[in-house]
Every structure is written in structure tokens, then in C-alpha cells.
Amino acid sequence: MNFIVAALGVLGVASSGPLIAATLGATSVTALAIAFWRNAIAAAVMASPVLIREPRQFRKITRYEFTWSAIAAVALAFHFACFITALSLTSVAAATALVCLQSAWIAVFQLFRGTKHRWPVLLGLGIALGGVAAITGFDMGTSPQALLGDILAIVGGALAGLYTLAGGKARQSMGVGTYTTICYGICAAIVAVLALAGGQPLTGFDAGGWLGIAAITVCAQLVGHTAFNHLLATMSPLLVSMIILLEIPGAALLAGVFLHQTLPAGTYVGLALILGGLAVVVIGQRRGKAAGSGEGSIAELGTD
């Protein structure tokens, strides 16, 4: 049963990039519209069980919890804006791999906070950085547009790391339903303001556009993340973290099959380096935590 759930989870998160790229390319839907609707719908879905079973939870939210939830929401909003825009500029494979550097960014942020990582974590960061250099180097020779997409994806990964760190502060005392409702709701509101300021419509799309938004929300936001949340209750976090890394090759494969995206050989080398480097970071952080080294928990991957 766990194998089936894991397969659904990987398929769900891996489909995010290809579905977004296809929707942006074939419909009038904008990047911020996708970000708005997937968060607004997810907030409504997550709020329903809490409102039915424990409506008092929303009245018990403290200033501390709300502040960290809001910080997480701001980071998540700009993460989506960067990542979804990147998918219209560079390849799905490159954008997905670069945004999945989230766990590496968290390790870097921990370094600035004084955490002394074990050598495997630092080795993994170096390997992943080599992958970034390979991908951006080849895209630099391809087109300035692809390079801009790579940069946006890298920034999106850093913002995802900030989102996870802030969310971890809030989740110390908040239930998952309450936290995600507040975080996704605020995120949707911020994206709506960004869309209004940028002149990007949130409605008025054709049937194909709405179908794309629905598919992205169901596959990536609900099926993918729900599957991995279920697995965390039945499998070790390390194994779940490693399984989620399959989002990187999964997205590249789906983009190649359904969007006919072909990549330079050097880009595949970069993808392999990032995948391997992140795997080393995940294992190194888990071992460091088990040894009581003071390192924080690994980031939840597959934000998208």
C-alpha cells in the first residue's frame, strides 16, 4: 500500500511543473492566477475539517503563531511567483531541479545561524552547487531568457527554504489544518494584490485554463502533498525525503514525454549532480540530528 501511495505522491509533485508549463503555454491563464487559485482552493479544503471539528482553533491563534504563519505566507507567495514564472522562461527540468534546492538553502541558512554541519552536508552542498553551475552555464549559452528562468527558480528555492523555516516556528504549537489554512489564505491574498498591481487577471479564463488550474491544484497540492503527509505517519522521514527527490527526474521525464522538451547533455549532468547532492544533504542532516549535533530538521521538499 505504501508503494502505491508513494508512487501517487511522486507523480503528483512531479506533475506540477509540466502542468503549469502546459497551462501557461496553451491558455490565457497567468502565473499569479495559478498561484492564487491553488492556494485559495487549498486553504478552503484545509479549513473545512477544522471548522467542522474544532472551530475554536482559529480563535486560539496567538500573535506569535500568526506572525510566523504570515512570514511563511509571504515567502510562499513570492516563491510561487518566482517558480511559476520560471517555468515559462526555462525548461521544466531545470526549473524543478533548481527550486528543489530548498533543503540545501536551509542548510546554508543554518550555517549563517551558527550551526556546524557534519562534513557530508557540506559535501552535498558542494555537489548540488556544481549541478547549479552546470545547468545555468548551459542555459547562459542557450538564451538570456533561460538564464533568467534559472535565476528565478534558484530564488524560488531560497524562498521555499524560508517558508519552511518560518512554518516550522508556527507549527511548534499549531495544528496542520489551522496552520495551512492561515498560511495558504494569507498567501492567496498577497498573490491577489501582486496580480492586481501587475495587471494580471485572476478570472475570465476559458474552460481549458480552469481545467489546468484544477489539475495543478488536485495533482500537486492535494494528491501529492497529502500522500507524503500520510507516508510520514508510516515511514521514516529520511525515506520520505529521499522519495520526494524523485520529483526532479519525474518532472524531467513528464516534460519530455508530454511537452517534448529536449535538454542539452550538460543539463542532464546538472540534474544528476543536484539530485545526488541533495540526497547527501538529506542523509547528512538526518544523521547529524540523530547524533544530537543541533541541526534543524530537514526541509519538506516538493513545495510545488
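Right above here is the structure, for reference.
Residues numbered from 1 in each chain as written. Predicted model: local features only at pLDDT ≥ 70, side-chain atom pairs only at ≥ 80, totals over all residues. Heavy atoms only, no water.

> Which parts of the structure should I look at to understand the overall build of the chain?
When its secondary structure is counted, the chain shows 13 helices and zero strands. When the elements of the chain are put in sequence order from the N terminus, they spell out α-α-α-α-α-α-α-α-α-α-α-α-α. Expressed as lengths along the three principal axes of its C-alpha atoms, the size of the chain is roughly 55 × 55 × 40 Å. Sorting the 304 residues of the chain into buried and exposed places 52% on the buried side. Within the chain, contacts between residues at least 6 apart in sequence are counted, and of these 84% link residues at least 24 apart. Of the accessible surface of the chain, which amounts to about 13,400 Å², a share of 70% is contributed by carbon and sulfur atoms. Of the side chains in the chain, 14 bear a positive and 9 a negative charge, and the two mean positions are spaced by 15 Å. (Helix = DSSP H or I, 4+ residues; strand = E, 2+ residues; numbered from the N terminus. Buried < 20%, exposed > 50% of the residue type's maximum accessible area, 1.4 Å probe, protein only. Contact = heavy atoms within 4.5 Å. Areas by Shrake-Rupley, 256 points an atom, 1.4 Å probe, with all protein chains shown as cover. Lys, Arg positive; Asp, Glu negative; His and termini not counted. Charge placed at Lys NZ, Arg CZ, Asp CG, Glu CD.)

> Got a minute to help me understand the packing of aromatic side chains in this structure?
Aromatic ring pairs are reported here in terms of the distance separating the ring centres and the angle at which the planes meet. Applying the stated rule across the entire model yields five aromatic pairs. With 5.4 Å between their ring centres and 75 degrees between their planes, Trp 37 and Trp 210 make a pair best called edge-to-face. Of this pair, Trp 37 sits in helix H3 (residues 31–53) while Trp 210 is found in helix H10 (residues 207–231), placing the two residues 173 residues apart along the sequence. Exposure remark for Trp 37: the relative accessible area of 23% places this residue in the partly exposed category. Under the relative-accessibility criterion, Trp 210 is labelled partly exposed at 32%. Within the aromatic cluster, the residues linked to one another by ring pairs are Phe 36, Trp 37, Phe 205 and Trp 210. (Phe/Tyr/Trp six-rings, centres within 6.5 Å; stacked < 30°, edge-to-face > 60°.)

> Just checking my understanding: could you explain the state of the cysteines for this structure?
Disulfides are covalent bonds that connect the sulfur atoms of two cysteines. This model, assessed by the stated rule, comprises zero disulfides. Left without a disulfide partner, Cys 82 is nearest to the cysteine sulfur of Cys 187, which lies 12 Å away. Looking at Cys 100, it has no disulfide partner, and the nearest cysteine sulfur is the one in Cys 82, 15 Å off. A residue is classified by how much of its surface remains accessible, and Cys 100, at 7% relative accessible area, is buried. (Disulfide = S-S within 2.5 Å.)

> Even after reading the chapter, I still don't get the nonpolar core, so can you show me in this structure?
Grouped burial of nonpolar side chains is what soluble globular proteins tend to show. Counting 73 residues, the largest nonpolar core has Ile 84 and Ile 274 as its most contacted members. By residue number, the principal contributor to this core is helix H4 (residues 63–86), which donates 12 residues. Those residues within four positions of Ile 84 in sequence are excluded, and the remaining contacts are Ile 20, Leu 24, Ala 31, Ile 34 and Ala 35. With 11 residues, the next largest nonpolar core counts Val 5, Ala 227, Phe 228 and Met 235 among its residues. (Core = buried A, V, L, I, M, F, W, Y, C linked by side-chain atoms within 4.5 Å.)

> So what exactly am I meant to see when it comes to the packing of H3 against helix H9 (residues 176–198) here?
Any two packed helices are characterised by the angle at which their axes cross and by the distance between the axes. Where H3 meets H9, the axes come as close as 8 Å, and the angle between the chain directions of the two elements is 155 degrees. When the axes of H3 and H9 are compared, the pair comes out roughly antiparallel. Crossing handedness for the pair H3 and H9: left-handed. Here Leu 32, Ala 35, Phe 36, Asn 39, Ala 40, Ala 42, Ala 43, Met 46, Ala 47 and Val 50 of H3 come into contact with H9, specifically with Gly 177, Thr 178, Thr 180, Thr 181, Tyr 184, Gly 185, Cys 187, Ala 188, Val 191, Ala 192, Leu 194 and Ala 195. Partitioning the contact of H3 with H9 into residue classes produces 16 nonpolar, six polar and no charged. (Axes fitted to C-alpha atoms, helices over the stretch in contact; angles between N-to-C directions. Parallel < 35°, antiparallel > 145°, perpendicular 65-115°, else oblique. Left-handed = near helix turned anticlockwise from the far one by under 90°. Nonpolar A, V, L, I, M, F, W, Y, C, P; charged D, E, K, R; others polar.)

> Mind showing me how you'd approach helix H1 (residues 2–14) here?
An α-helical segment advances 3.6 residues per turn. Residues three or four places apart therefore align on the same side. Given a rise of 1.5 Å per residue, 13 residues ought to cover 18 Å, and the 18 Å separating the end C-alpha atoms of H1 matches this to within 8%. Of the positions making up H1, those classed as buried are Val 5, Ala 6, Gly 9, Val 10, Gly 12, Val 13 and Ala 14. (Expected span 1.5 Å × (residues − 1).)

Note that every value here comes from positions in space, so none of it alone points to a role or purpose.
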